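Okay, here's what each chain looks like letter by letter:
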Amino acid sequence: ERLVRSPLLFQKVDYYMNKLTVQVPDSINKSVDYILGKVSPAPATFKYYLVHFLNTYAKSNVVGMDGVYVHIAEKYYSTGKAPWTEEEQLKKITENAKTLKPILIGKIAPDVKMYELDIEGTIAAENAENEYERWKHKRVVNLHDIDAPYTVLFVWDPDCGHCKKSMPKMLEFYDNFKDRGVEVFAVCTKIYDEMPACAKTIKEKGMIKWLNVVDPFIKSKYKQIYDIRSTPQIFILNDKKEIISKKIGAEQISDVMERILKMDEKEQKNGDLEKEE
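Just so you know, the residues in each chain are numbered from 1, in the order the chain's sequence is written. Residue-level local features of this predicted model are given only where pLDDT is at least 70; pairs of side-chain atoms are given and counted only at 80 or more, and the full residue set underlies all totals for whole chains, interfaces and linings. Each side-chain value is worked out from all heavy atoms of the structure, with water and hydrogens disregarded.

1. Concerning the packing of helix 2 (residues 25-39) against helix 4 (residues 66-77)
Okay, step 1: With their axes 9 Å apart at the nearest point, helix 2 and helix 4 run at an angle of 40° to one another. On the basis of their axis angle, the class for helix 2 and helix 4 is oblique. In this structure, helix 2 meets helix 4 at a crossing whose hand is right-handed. Across from Pro25, Ile28, Asn29, Val32, Asp33 and Leu36 in helix 2, the residues of helix 4 making contact are Gly67, Val68, His71, Ile72, Lys75 and Tyr76.
Okay, step 2: Each residue gets one of three labels, nonpolar for Ala, Val, Leu, Ile, Met, Phe, Trp, Tyr, Cys and Pro, charged for Asp, Glu, Lys and Arg, and polar for the others, Gly among them. Per-class residue counts for the contact of helix 2 with helix 4 are 7 nonpolar, 3 polar and 2 charged. Axis definition: a line fit to C-alpha positions, over the contact stretch in the case of helices; interaxial angles, taken between N-to-C directions, run 0 to 180 degrees. Here a strand is any run of E in DSSP of at least two residues, a helix any run of H or I of at least four, and the numbering for each starts at the N terminus. Throughout this description, any angle smaller than 35 degrees is read as roughly parallel, any larger than 145 degrees as roughly antiparallel, any in the 65 to 115 degree range as roughly perpendicular, and the remainder as oblique. Whether a crossing is left-handed or right-handed is set by the direction in which the near helix is turned from the far one by less than a right angle, anticlockwise for left-handed and clockwise for right-handed. Contacts: residue pairs with any heavy atoms within 4.5 Å of one another.

2. Examining the side chain of Thr94
Okay, step 1: Relative to the elements of secondary structure, Thr94 occurs in helix 5 (residues 87-100).
Okay, step 2: Judged by its relative accessible area of 17%, Thr94 is buried. Burial classes: relative accessible area under 20% of the type maximum marks a residue as buried, over 50% as exposed, and values in between as partly exposed (1.4 Å probe, protein chains only).

3. Overview of the nonpolar core
Okay, step 1: In terms of nonpolar packing, the biggest core is built from 34 residues, with Val152, Phe154, Trp156, Met170, Phe173, Trp210 and Met257 touching the most fellow members.
Okay, step 2: Apart from residues no more than four positions distant in its own chain, Phe173 is found in contact with Val152, Val182, Val184, Ile253, Ser254 and Met257.
Okay, step 3: Here, the term nonpolar core denotes a set of buried Ala, Val, Leu, Ile, Met, Phe, Trp, Tyr and Cys residues that are joined through side-chain atoms within 4.5 Å. One finds Leu36, Leu54, Ala73 and Tyr77 within the second-largest nonpolar core, a separate group that totals 26 residues.

4. Quick word on the confidence of the model for the protein chain
Okay, step 1: For the protein chain, the mean per-residue pLDDT works out to 91, and 91% of the residues sit at or above 70.
Okay, step 2: Think of pLDDT as the predictor's per-residue confidence, scored from 0 to 100. Confidence drops under pLDDT 50 across residues 121-128; counting only partners more than four residues distant or on other chains, this segment forms 16 contacts.

5. Quick look at a negative patch on the surface
Okay, step 1: Together, Asp239, Asp264, Glu265 and Glu267 line one region of the surface with negative charge.
Okay, step 2: Tracing the backbone shows Asp239 in the loop between strand 6 (233-237) and strand 7 (243-246).
Okay, step 3: Exposure remark for Asp239: the relative accessible area of 52% places this residue in the exposed category. Note that patches include only residues with greater than 30% relative accessible area and no salt bridge, and the join distances are 9 Å for like charges and 5 Å for nonpolar side chains (Val, Leu, Ile, Met, Phe, Trp, Tyr). For the accessible areas, the method is Shrake-Rupley and the probe is 1.4 Å, while residue cover comes only from the protein chains on display. We define a salt bridge as a contact between a side-chain nitrogen of Lys or Arg and a carboxyl oxygen of Asp or Glu at a distance within 4 Å. None of His or the chain ends enter the tally, which takes Lys and Arg as positive and Asp and Glu as negative. By convention, charge coordinates are those of NZ in Lys, CZ in Arg, CG in Asp, or CD in Glu.

6. Some points on the packing of aromatic side chains
Okay, step 1: Between 30 and 60 degrees the pair is tilted, below 30 it is stacked and above 60 it is edge-to-face, where a pair is any two Phe, Tyr or Trp rings, Trp via its six-membered ring, whose centres lie within 6.5 Å. For the structure on display, the rule yields 9 aromatic pairs.
Okay, step 2: Put simply, the rings of Phe46, Tyr76 and Trp84 touch in pairs and so form one group of aromatic residues.

7. So, the pattern of salt bridges
Okay, step 1: Tallied over the full model, the rule gives 9 salt bridges.
Okay, step 2: Between Lys75 and Asp33 there is a salt bridge, with the nearest N and O atoms lying 3.1 Å from each other. Of this pair, Lys75 sits in helix 4 while Asp33 is found in helix 2, placing the two residues 42 residues apart along the sequence.
Okay, step 3: Overall, Lys75 belongs to the partly exposed group, its relative accessible area being 34%.
Okay, step 4: Of the charged contacts in the structure, one is a salt bridge between Asp157 and Lys190, with a shortest N-O distance of 3.6 Å. Placement of Asp157 in the loop between strand 3 (150-156) and helix 7 (161-177) and of Lys190 in the loop between strand 4 (182-188) and helix 8 (195-205) is noted, with a sequence separation of 33 residues between them.
Okay, step 5: Asp157 sits in the buried class, given a relative accessible area of 17%.

8. Thoughts on the packing of helix 2 against helix 3 (residues 43-59)
Okay, step 1: Where helix 2 meets helix 3, the closest approach of the two axes is 8 Å, and the angle between their N-to-C directions is 160°. Of the possible angle classes, the one that applies to helix 2 and helix 3 is roughly antiparallel. Crossing hand, helix 2 versus helix 3: right-handed. Along the contact surface, helix 2 presents Ile28, Val32, Ile35, Leu36 and Val39, while helix 3 presents Thr45, Phe46, Tyr49, Leu50, Phe53 and Tyr57.

Put into structure tokens, the structure is as follows:
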């Protein structure tokens, strides 16, 4: 256990995890389990590396690494293998894992039901009840109803400075990829009495070209389901509505989409060659 306080062991573990392990969640999960299995006879060492791994992947900005966080939380924290953790903190870790698990890379994106936004902004009601009656007749759109090879779930807020900066990039992205099978499902986060702000921004920024939707009464709970803690948020889904990328910036989306298309084209060609053989 004294090796925990020396640089020798940590350097070797760090090299193994970051240089010798393929940097995808499935491989990292196996390496985490391997290391923790090796150090488990030494309680202090086990505690050090379990906490280290959890914190590392909780803070990671690399897309998909939340899959490692979920694995660690479920296998070790939820099963009582981290008894030193305070009850409140343990609850937070396990709840975070439950929230993240349905929206990991490769999972089917949870379906959400929205209303198509009235772009003219003719949404002024005296109270919520009257407004609800008015919205009952609006067109309802489900995320899973979008029939496209790729769907981009784009969550934005008209008062968000980052969203305003992102919008030109998102519009440029859509213009470049709409003819290549990409559709945008843009969710404005405002509720029923703030819809004019959404409509005004859409008209001013030229966002009318894609599908704009809202959840005026927050019935779908999309913010909780998709762990929306800030805006903008971007998820890229394939034709099966599987999440293939997420939590990326608007300045990255064109490059990411280009890579996705090239990978899919390569897989298609390989599949065609195998059929010929």
